[in-house]
Amino acid sequence: MNNRSRAKLISSEFLYKQFISPILARDEGIDAEQLTQITLKSLSQASLYRSFPGISHALAHLANELKHENKKLEQRLLGCHFKNPIGLAAGFDKNGIAASIWDKFGFGFAELGTVTWHPQSGNPKPRLFRLAEEKAALNRLGFNNDGAMTMKKTLERQKILPCGNRPCVIGINFGKSKKTSLSQAADDYASSLELLSSFADYAVINVSSPNTPGLRQLQDAQQLRRLIKRLRRLPACPPLLVKIAPDLSNDQVDGLAQVAFQEGLAGIIAVNTSLNRLGLEDRVIPQTGRILRDEEGGLSGRPLCGRALEIIRRLRKSAGQSLPLIGVGGIDSPQNAWERITAGASLIQVYTGWIFQGPSLVPNILEGLEYQLNRHGFHNISEAIGSEAPWI
Ligand SMILES: Cc1cc2nc3c(=O)[nH]c(=O)nc-3n(C[C@H](O)[C@H](O)[C@H](O)COP(=O)(O)O)c2cc1C
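Residues numbered from 1 in each chain as written. Predicted model: local features only at pLDDT ≥ 70, side-chain atom pairs only at ≥ 80, totals over all residues. Heavy atoms only, no water.

1. Some remarks on the overall build of the chain
The test is simple: The helix count covers DSSP runs of H or I at least four residues long, the strand count covers runs of E at least two residues long, and both are numbered beginning at the N terminus. Put simply, the radius of gyration uses C-alpha atoms, and a globule should come to 2.2 Å times the residue count raised to 0.38. The buried label goes to any residue with under 20% of its type's maximum accessible area, the exposed label to any with over 50%, and the partly exposed label to all in between, with areas taken from a 1.4 Å probe on protein chains only. Residue contacts follow a heavy-atom distance rule, with two residues in contact if any of their heavy atoms lie within 4.5 Å. For accessible areas, the Shrake-Rupley method is used with a probe of radius 1.4 Å. Any residue's cover is judged against the shown protein chains and nothing else. When charges are counted, Lys and Arg contribute as positive and Asp and Glu as negative, whereas His and the chain ends are disregarded. A single reference atom marks each charge: NZ on Lys, CZ on Arg, CG on Asp, CD on Glu.
Summing up its helical and strand segments, the chain has 13 helices and 15 strands in all. Against the 2.2 N^0.38 benchmark of 21 Å for 392 residues, the chain shows a C-alpha radius of gyration of 20 Å, consistent with a compact globule. Counting only residues that meet the buried cut, the chain has 57% of its 392 residues in that class. Put simply, 74% of the contacts in the chain that link residues at least 6 apart link residues at least 24 apart. Counting only carbon and sulfur atoms, one obtains 53% of the accessible surface of the chain, whose full area is about 16700 Å². In the chain, 47 positive and 36 negative side-chain charges are present, and the distance between their average locations comes to 4 Å.

2. Some points on the pattern of salt bridges
Short version of the rule: Salt bridge, as applied in this entry: a Lys or Arg side-chain nitrogen positioned within 4 Å of an Asp or Glu carboxyl oxygen.
The tally for this structure, following the rule as stated, stands at 18 salt bridges. Glu-263 serves as the salt-bridge partner of Lys-229, at 3.4 Å between the closest nitrogen and oxygen. A residue pair is termed long-range when its members are at least 10 positions apart, and Lys-229 in helix α7 (residues 221-232) and Glu-263 in the loop between α8 (250-262) and β10 (267-270) qualify at 34 residues. Judged by relative accessible area, Lys-229 falls into the partly exposed class, the value being 46%. The exposure class of Glu-263 is buried, given its relative accessible area of 11%.

3. Some remarks on the packing of helix α6 (residues 185-196) against α7
Where we set the bar: Convention adopted: a line fitted to C-alpha atoms gives each axis, helices being fitted over their contacting stretch, and angles between N-to-C directions are expressed from 0 to 180 degrees. Handedness of a crossing is defined here by the sense of rotation of the near helix relative to the far one, left-handed for an anticlockwise turn of less than a right angle and right-handed for a clockwise turn. Residues are grouped as follows: nonpolar covers Ala, Val, Leu, Ile, Met, Phe, Trp, Tyr, Cys and Pro; charged covers Asp, Glu, Lys and Arg; every other residue, Gly included, is treated as polar.
Between α6 and α7, the shortest axis-to-axis distance is 9 Å and the interhelical angle comes to 35°. Crossing angle aside, the handedness with which α6 passes α7 is right-handed. Across the interface between the two elements, Ala-186, Asp-187, Tyr-189, Ala-190 and Leu-193 of α6 pack against Leu-227, Arg-230 and Leu-231 of α7. Looking at side-chain class alone, the contact of α6 with α7 contains six nonpolar, no polar and two charged residues.

4. Thoughts on the confidence of the model for the chain
Heads up, the rule is: For every residue, the predictor states its confidence as a pLDDT score lying anywhere from 0 to 100.
With 97% of its residues at a pLDDT of 70 or more, the chain has an overall mean of 95. If you check the scores for this complex, the pTM reads 0.97 and the ipTM reads 1.00.

5. Things to note about the sheet that holds strand β13 (residues 298-301)
In sheet architecture, strand pairing relies on hydrogen bonds along the backbone and comes in two forms, parallel and antiparallel. Let me state the cut-off plainly: The pairing criterion is simple: DSSP has to find at least two bridges between the two strands.
The strand order β5-β6-β13 describes an open sheet built from three strands, whose pairing is antiparallel. Of all strands in the sheet, those bounded by a partner on one side alone are β5 (128-131) and β13. Strand-to-strand twist across the sheet, computed as the mean angle between neighbouring axes with direction ignored, equals 20°. Summarising the sheet, strand β6 (residues 136-139) and β13 pair through four bridges and their orientation is antiparallel. Bridge pairing in β13 places Ala-136 opposite Gly-301.

6. Observations regarding the site of the ligand
Operational definition: Nearness is judged by heavy atoms alone; a residue qualifies as near a molecule or strand once a single heavy atom is within 4 Å of it.
Around the ligand sit 22 residues in total, of which Ala-90, Thr-114, Gly-301, Gly-330 and Thr-352 are the nearest. Within the complex, 98% of the 600 Å² of free accessible area of the ligand lies under protein.

7. With respect to the pairing of strand β4 (residues 109-115)
Taking burial as the measure, the seven residues of β4 include seven buried ones, the bulk of the element. Here two bridges tie strand β3 (residues 86-88) to β4, and the two strands are oriented parallel to one another. By the bridge assignment for β4, Gly-87 is matched with Phe-109. Pairing of β4 with strand β7 (residues 169-174) involves six bridges; the strand directions are parallel. Following the sheet pairing, Glu-111 is matched in β7 by Gly-171.

8. Observations concerning the pairing of strand β8 (residues 202-206)
Condition: Place the viewer so that the strands point away; then a crossover is right-handed whenever the path from the first strand over the helix to the second strand goes clockwise.
Burial of β8 is extensive: five of the five residues sit out of reach of the surface. Neither face of β8 is left uncovered, since the one carrying Tyr-202, Val-204 and Asn-206 and the one carrying Ala-203 and Ile-205 both have all their residues buried. By the bridge criterion, four bridges tie β7 to β8 in an arrangement that is parallel. When the bridges of β8 are listed, Gly-171 appears paired with Tyr-202. At this point the chain moves from β7, through α6, to the parallel β8, and the crossover so formed is right-handed. Pairing between β8 and strand β9 (residues 240-244): four bridges, direction parallel. When the sheet's bridge partners are listed, Ile-205 is paired in β9 with Val-242. In this fold, the crossover linking β8 to β9 by way of α7 has right-handed handedness.

Here is the structure:
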């Protein structure tokens, strides 16, 4: 066996396709949340002990396989240097346990959280379901996380580099604790943000998760304005973005774009998971025997792609050319990544698609984006944003 075939044999793509993809090809089998927890445990150890010889070698190998660098993909946004426009969406690394190694997976940025002020265990299990055929997921986790204080200790223990010096931009996504009433929400968000602001290159106000009762009411223009004003008063507040739901009407989307503009938000992340069933109303979840229409939780993945794209296009029109938009929802190929960017997203994020396709999705998308930039004669990804240049 020559070196090349040996390298291929131990590539993350090979291992993923060999061992993980068969599990992901079925709704049933290993529980989706359990699989995530096993993965996160290994990543946590890798992040903590990343300077140990065996681990640093493995991480270097991974980085070498997954990195795709090109000046054309680099941008300066939100006061940060992004090596490429693809990020890990919120919800995978809820407690920040792998904050120091997300660059090894080829990401230009990673969003930690959602973190809440109070630690909370979330909703009863099972609460995360694969919809293998549709390349989608239903989750009603309910902001299960160890709380802001623990996240701070976790990040300190990993000795992550200070803001501005990191190989991968780090955002932190903040939510309201379940036990905090809506009227106290602003203080709840503010406590977490104040504690963690020095770790965050940017901060996200999550008012769009469908799994915390009442949370989405904070998308109401007046309530959101009050929340932004409260957070803005904090010393050393990082650039603030708001993450919105896909289930808003077009008028509500326009209204939020206006709030973002008037309140000087640094950007908008669109979208979170959907309460709509997007054509899958009668799809049965084998683990519960119920159809999706009767299940609680937010839908993510491929079925979300169309609405997520529409919202980015709408936001780009209503918010103007200069407000950074982060597009997320159903991105799982170079083509739909390109479409999201040319519709107006400055950056994109992946979650469900990344799980189904595996780590090679990131370099595959970057390669596709670079190819399109060259075909269109663009010198930098920023020229493609909102250009509506077709996929050719
Ligand atoms: C299991 C799971 C957990 C999630 N948890 C969060 C979260 O804590 N905070 C958040 O803002 N979004 C969360 N999301 C939403 C994702 O960040 C993303 O907005 C959504 O899944 C759409 O992207 P996708 O289709 O690529 O998955 C979660 C999604 C999934 C599938």
